[in-house]
Amino acid sequence: MLLIPGSAAAYSGVVVDALTCKPIPGAFVTLGDSVVRTVQDGHFQISGEGAMLGLRAYGYGRREVPVADLKADETLPLAPFRPKALYLSFYGVGNMRLRESALDLIGKTGLNAVVIDVKGDRGMIAYKTAIPLATEVGAQKIITIKHIRRLIGDLHKEGIYTIARIVVFKDNPLALARPDLAVRTAGGAIWKDREGLAWTDPFDKQVWDYNIDIAVEAAKDGFDEIQFDYVRFPDAKGLVFSQPNTEKNRVAAISGFLAEARKRLIPYNVFLAANIFGYVVWNRNDTGIGQNLEEIARDVDYISPMLYPSGFQYGIPGYPNPVRHPRQVVYLSLRRAEERTGLPPVRFRPWLQAFRDYAFGGLPFGGEEIGAQIDAAQTFGADGWMLWNPRNVYTTVGLPPKPGVAMNTHDGSPGNPGGVGTGICSRTMGGDASRLGR
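Only a predicted model underlies this, so the values are computations on that prediction, with no experimental measurement involved.

Peer 1: How should the pairing of strand β11 (residues 225-229) be read in this particular structure?
Peer 2: For a regular strand, side chains alternate in direction, first toward one face of the sheet and then toward the other. Of all 5 residues in β11, 5 are buried; the element is thus mostly enclosed. The side-chain alternation of β11 yields two buried faces, one formed by E225, Q227 and D229 and the other by I226 and F228. Judged from the 5 bridges that link them, strand β10 (residues 161-167) and β11 form a sheet pairing that is parallel. Directly across from A164, in β11, lies its bridge partner I226. By the bridge criterion, 4 bridges tie β11 to strand β12 (residues 271-277) in an arrangement that is parallel. Residue pairing in the sheet places F228 in a bridge with A274 of β12.

Peer 1: I'm lost on the pairing of β10 in this one. Help?
Peer 2: Counting buried residues along β10, 7 of its 7 residues qualify, which places the element largely inside the surrounding structure. On β10, burial covers both faces: Y161, I163, R165 and V167 on one face and T162, A164 and I166 on the other are all buried. Sheet topology places strand β9 (residues 113-119) next to β10; 6 bridges connect them, and they run parallel. What sits directly across from V114, in β10, is T162.

Peer 1: What should I look at first to understand the pattern of salt bridges in this one?
Peer 2: Any two side chains of opposite charge can pair, so long as their charged atoms come close to each other. For the structure on display, the rule yields 24 salt bridges. As a salt-bridge pair, R62 and D224 come within 2.9 Å of each other at their nearest N and O atoms. In this pair, R62 sits in the loop between β5 (52-56) and β6 (63-66) while D224 sits in the loop between α5 (205-220) and β11, placing the two residues 162 residues apart along the sequence. Overall, the relative accessible area of 8% leaves R62 in the buried class. For R165, the salt bridge is made with D229, and the minimal N-O distance between the two is 2.9 Å. Taken together, the positions of R165 in strand β10 and D229 in strand β11 put the pair 64 residues apart, joining distant regions of the chain.

Peer 1: I'm lost on the packing of aromatic side chains in this one. Help?
Peer 2: Both the distance between ring centres and the angle between the ring planes are used here to describe each pair of aromatic rings. Within this structure, the stated rule accounts for 21 aromatic pairs. An aromatic cluster of at least three residues, connected via ring pairs, comprises F28, Y58, F271 and Y302. Of note, R56 hangs over the ring of F271, and the distance from its end group to the ring centre comes to 5.8 Å.

Peer 1: What is the right way to read the sheet that holds strand β7 (residues 74-78) from this model?
Peer 2: Within a sheet, adjacent strands bond to each other through the backbone by hydrogen bonds, running parallel or antiparallel. Spatially, β4-β1-β7 is the arrangement adopted by the 3 strands of the open sheet, whose pairing is mixed. In the strand order of this sheet, the two ends are held by β4 (43-48) and β7, each with one partner. Adjacent strand axes in the sheet meet at a mean angle of 40 degrees when their direction is disregarded. Where strand β1 (residues 9-17) and β4 come together, 6 bridges link them in antiparallel fashion. Bridging from a neighbouring strand, Y11 pairs with I46 of β4.

Peer 1: I'm lost on the packing of α5 against helix α6 (residues 247-265) in this one. Help?
Peer 2: For any two helices packed against each other, the geometry is given by the interaxial angle and the distance between the axes. With their axes 10 Å apart at the nearest point, α5 and α6 run at an angle of 35 degrees to one another. Judged by the twist between their axes, the crossing of α5 over α6 is right-handed. Contact residues: α5 offers W208, D209, N211, I212, D213, A215, V216 and A219, while α6 offers A253, G256, F257, E260, A261, R264 and L265. When its residues are assigned to classes, the contact of α5 with α6 shows 9 nonpolar, 2 polar and 4 charged.

Peer 1: Explain the side chain of S255 here, please?
Peer 2: Mapping S255 onto the fold places it in helix α6. A polar atom in the side chain of S255 sits 2.9 Å from the backbone oxygen of V251. The contact partners of S255, leaving out residues within four places of it in the chain, are E295 and D299.

Peer 1: Sorry if this is basic, but what is going on with the packing of helix α8 (residues 326-341) against helix α9 (residues 367-380) here?
Peer 2: It is the contact of α8 with α9, at a shortest axis distance of 7 Å, that shows an interaxial angle of 25 degrees. Considering their axes alone, α8 and α9 lie roughly parallel with respect to each other. The chirality of how α8 crosses α9 is right-handed. Of the residues in α9, those in contact with P326, R327, V330, Y331, L334, R335 and E338 of α8 are E369, A372, Q373, D375, A376, A377, T379 and F380. The class makeup of the residues in the contact of α8 with α9 is 8 nonpolar, 2 polar and 5 charged.

Criteria and thresholds
- Residues numbered from 1 in each chain as written.
- Predicted model: local features only at pLDDT ≥ 70, side-chain atom pairs only at ≥ 80, totals over all residues.
- Heavy atoms only, no water.
- Buried < 20%, exposed > 50% of the residue type's maximum accessible area, 1.4 Å probe, protein only.
- Helix = DSSP H or I, 4+ residues; strand = E, 2+ residues; numbered from the N terminus.
- Pairing = 2+ DSSP bridges.
- Salt bridge = Lys/Arg side-chain N within 4 Å of Asp/Glu carboxyl O.
- Phe/Tyr/Trp six-rings, centres within 6.5 Å; stacked < 30°, edge-to-face > 60°.
- Lys NZ or Arg CZ within 6 Å of the ring centre and 35° of its normal.
- Axes fitted to C-alpha atoms, helices over the stretch in contact; angles between N-to-C directions.
- Left-handed = near helix turned anticlockwise from the far one by under 90°.
- Contact = heavy atoms within 4.5 Å.
- Nonpolar A, V, L, I, M, F, W, Y, C, P; charged D, E, K, R; others polar.
- Polar contact = N/O pair within 3.5 Å; in protein donor to acceptor, adjacent residues only side chain to side chain.
- Parallel < 35°, antiparallel > 145°, perpendicular 65-115°, else oblique.

Here it is in structure tokens:
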């Protein structure tokens, strides 16, 4: 078969674990706008247009392979990878001291990933964008990242997994500049939350398109994962939207947005995640905000519940004071989510508390509490975990030690195992991949 990069063609192969050489069922294989999943023995067949074949799977890093390098029925390894991340805010990522401190911490501990605000809590986009609406509404008045592709490239060279956090419907600039897209009070005024910030209407497709455009641009810039936050309705009563504010309509709006985002992100071989309230995993309804656990699970790769003990103001069954039982709160919440969805643990990656308690007496949250949460997530088998501190101040206390052997899973960098032509896990030579382990 003559395979011409950039033209429509058909390809087949098998996706395997780079360490064990065992097949990976359910892996995603993308080519342009086409996407398929591998079958039980790891095989796939795909046809489409494009110069790069994208590969990714739950619990593994992603990679891209030039189609010009592919052989017939190629064996393609993926390296296991579980992100252990810390968060850098819109301003934190632009602050040299905070950013360098975070990267230094990653170099000293078992951390291997970072969540970066691309569109932050106030609706500002951290770097120059080509999206006209962002400039029109004032979302570009403050730029905190001068060269996003350079930053992502530098992080990838260090083997750091990059997650783009995009705050969706809480969007002060867009709502104020475009009142037709804003959430309203019963009296017709633009509604503002407790922070004095306006929100956009989750039913409006223009709002969907704007945020998905931001996500697509982040994917093009090289982020490994798109993470939507505030992908929900406001939790206030008596608000007015463009459609009736019923539970059915709310759930349809949130799942519809995520499904559309997933569709448009196909060509970029990125993982997709959504942050949800911690109580969403316990509540059978949509918690009044459109977040239904089972529905969201259908449209994202990773569900990221915010399991901060301080956020469970009413406790959880058996634990009325959650800050004194951080391990149980995290573990039991994840188990509840697993039981409800039937998904494997690898489909969940929780946010963990790395800040002082604010709901149960203001107790410090130190190494013991952070370590207990991490232990709960890892015992459960989650796809890693993420630390949240709004001040972006982190220490080594409570964090796992740096592994003896690092493994870089980003395609094209020196540490990437199992690349085309290496012979590791190839069809003709299994190779000893044990030395690649963490």
